[in-house]
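The chain contents come next:
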Amino acid sequence: KQSDQKSTLRKRLGIMGGTFDPIHYGHLVAAETARYKFDLERVIFIPSGAPPHKTKRRISLPEFRYQMVSRAIADNDFFEVSRIEIERTGLTYTVDTLRLLKEKYPNYELYFITGADAFREIFTWRSPDEIIELTQFIGASRPGFDALDFLSQLQQQSPRFYQRMHFMEVPALAISSTDIRLRVKAGQSIRYLLPEPVRLFIQKNGIYK
Ligand code: ATP
Ligand code: MG
């Protein structure tokens, strides 16, 4: 794919958004693969505040989710965590976050990292046309979610989105936060699905019981 000169010369910042309830190796592998494949200077993890599409189930305290991300990324110098969404009140929309990030990092080209499932949902988000001008997308392969049909549709119907949405293969990890929460609730082991400091934090605070 062709990218214009300006974007190849600018520094690249990765954004990894998610509920992270809890963060697991699927998120970390996607972020790390995006970082080196797309030459991102660093990746900022942004735990969501009150995500509009997740109003049905009760989400863990923002502070817990922030602390879990913080522990999970502590050993990677290229990873950071941001409080930008958890400190905002009301429903948090990605478009608002991206506007703020664009102001804060005017010299960076933004790359929003998602899994194939979230990647396919872009048109259900608020203001997709504005979003796609604020950031490019990197969609990681995720077991159970095919992105190729979506991409070929995009190529035919939305050239601008196709130009700015990139698909990336990552080592397949059939791990989800939902599955981890269910395991904790059922008293099953979650070892090796997420970093050990995160598992210990969950245990110590009795999260997902
Ligand atoms: P939940 O089951 O609660 O929805 P989740 O595991 O999907 O949790 P999210 O916080 O919803 O985690 O995901 C944040 C981002 O990480 C999304 O873009 C999602 O597609 C991506 N992602 C999550 N798990 C994986 C995985 N195993 N492989 C690739 N991408 C993933
Ligand atoms: Mg999810």
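Source: prediction; values computed, not measured.

Trainee: Which residues make up the environment of Q163, and what are the values?
Mentor: Tracing the backbone through its elements, the reader meets Q163 in helix α8 (residues 159–164). Residue classification places Q163 among the partly exposed residues on the basis of a relative accessible area of 36%. Engagement of the side chain of Q163 in a polar contact is seen with the side chain of R160, the distance being 2.6 Å.

Trainee: Any chance you could break down helix α7 (residues 148–157) for me, citing the residues and the numbers?
Mentor: Burial in α7 covers these residues: F150, L151 and L154. Summarising the axial view, the buried residues of α7 lie within an arc of 95 degrees, below the 170-degree limit, and thus occupy one face. Away from the buried face of α7 by more than 90 degrees, exposed residues D149 and Q156 are located.

Trainee: An account of the packing of aromatic side chains is needed here, citing residue identities and associated values.
Mentor: Under the defined criterion, the tally for this structure stands at eleven aromatic pairs. Taking the centre distance of 6.2 Å and the plane angle of 45 degrees together, the rings of F38 and Y111 count as tilted. With F38 in the loop between α2 (25–37) and β2 (42–47) and Y111 in strand β4 (residues 108–115), the pair connects residues that are 73 residues apart, well separated along the chain. Take F38 and Y111: they sit in the same class, and that class is buried. Between the aromatic rings of F123 and F150, the centroid separation amounts to 6.5 Å while the plane-to-plane angle is 50 degrees, which identifies the pairing as tilted.

Trainee: Report on the nonpolar core, specifying residues and quantitative values.
Mentor: Judged by nonpolar contacts, the single largest core of 33 residues is most densely connected at I23, F45 and I202. Breaking this core down by element, the ones donating at least two residues are α2, β2, α3 (62–73), β4, β5 (136–140), α9 (177–185) and α10 (196–205). Setting aside residues no more than four positions away along its own chain, F45 makes contact with M16, F20, I23, L28, A31, V69, I73, F79, E80, V81 and S82. Within the second largest apolar cluster, 26 residues are counted, among which are F112, W125, I131 and I132.

Trainee: Explain the site of ligand 1 residue by residue, including any values.
Mentor: Around ligand 1, the structure places 21 residues, and the nearest of them are H24, D117, L173, S177 and T178. Notes on ligand 1: free accessible area 590 Å², of which the protein chains cover 91%. When contributions to the shell around ligand 1 are tallied by element, the ones reaching two or more residues are β1 (11–18), α2, β4, α5 (116–120) and α9. Within the shell around ligand 1, the residues separate by chemical class into five nonpolar, twelve polar and four charged.

Trainee: Pulling in residues and values, what's your account of the sheet that holds strand β3 (residues 79–81)?
Mentor: Spatially, β3-β2-β1-β4-β5-β6 is the arrangement adopted by the six strands of the open sheet, whose pairing is parallel. Each edge of the sheet is formed by a strand with only one pairing partner; in this case those strands are β3 and β6 (165–168). Here the average twist between neighbouring strands, direction ignored, is 25 degrees. As defined by bridge partners, β5 adjoins β6 across four bridges and the pair is classed as parallel. Opposite F137, over in β6, you have M165 as the bridge partner. Relative to the sheet, helix α4 (residues 94–104) contacts β1, β2 and β4, its axis offset from that of β4 by approximately 150 degrees.

Trainee: Help me get a handle on α10, residues and values and all.
Mentor: Note that an α-helix has 3.6 residues per turn; residues three or four places apart therefore point the same way. The set of residues buried in α10 consists of V198, R199, F201 and I202. Buried positions in α10, seen along its axis, are confined to an arc of 160 degrees and lie on one side of it. Opposite the buried face of α10, by more than 90 degrees, sit the exposed residues Q203 and K204. The inward-facing, buried residues of α10 abut α3 and α9.

Reading the values: the criteria
Residue positions are counted from 1 within each chain, in the order its sequence is given. Chain letters start at A and ligand numbers start at 1, both assigned in the order the entries are written. Under the rules for a predicted model, residues below a pLDDT of 70 receive no local features and side-chain atom pairs below 80 are neither given nor counted, while totals for whole chains, interfaces and linings still include all residues. Hydrogens and water are ignored here; the side-chain numbers use all heavy atoms of the structure. Runs of H or I in DSSP of at least four residues are treated as helices and runs of E of at least two as strands, each being numbered from the N terminus. Think of it in three bands: residues with accessible area under 20% of the maximum for their type are buried, residues over 50% are exposed, and the middle band is partly exposed, with areas taken using a 1.4 Å probe on protein chains only. As used in this structure description, the phrase polar contact means that two N or O atoms lie within 3.5 Å; if the pair is within protein, one of them must be able to donate a hydrogen and the other to accept it, and residues adjacent in sequence are counted only when both atoms belong to side chains. Taken from the helix axis, the directions to the C-beta atoms give the arc we talk about. Side-chain rings of Phe, Tyr and Trp, where Trp is taken by its six-membered ring, are said to pair if the distance between their centres is within 6.5 Å; with planes under 30 degrees apart they count as stacked, over 60 as edge-to-face, and otherwise as tilted. Only buried Ala, Val, Leu, Ile, Met, Phe, Trp, Tyr and Cys residues count toward a nonpolar core, and they belong to the same one when joined by side-chain atoms within 4.5 Å. Contact between two residues is taken to exist if any of their heavy atoms lie within 4.5 Å; hydrogens are not considered. We call a residue near a molecule or strand when any one of its heavy atoms sits within 4 Å of it. Per-residue and other accessible areas follow the Shrake-Rupley method at a 1.4 Å probe size, with only the shown protein chains counted as cover for residues. When residues are grouped by polarity, Ala, Val, Leu, Ile, Met, Phe, Trp, Tyr, Cys and Pro land in nonpolar, Asp, Glu, Lys and Arg in charged, and all others, Gly among them, in polar. Paired strands are those between which DSSP finds at least two bridges. Lines fitted to the C-alpha atoms define the axes, with helices restricted to the stretch that makes contact. Angles between their N-to-C directions range from 0 to 180 degrees.

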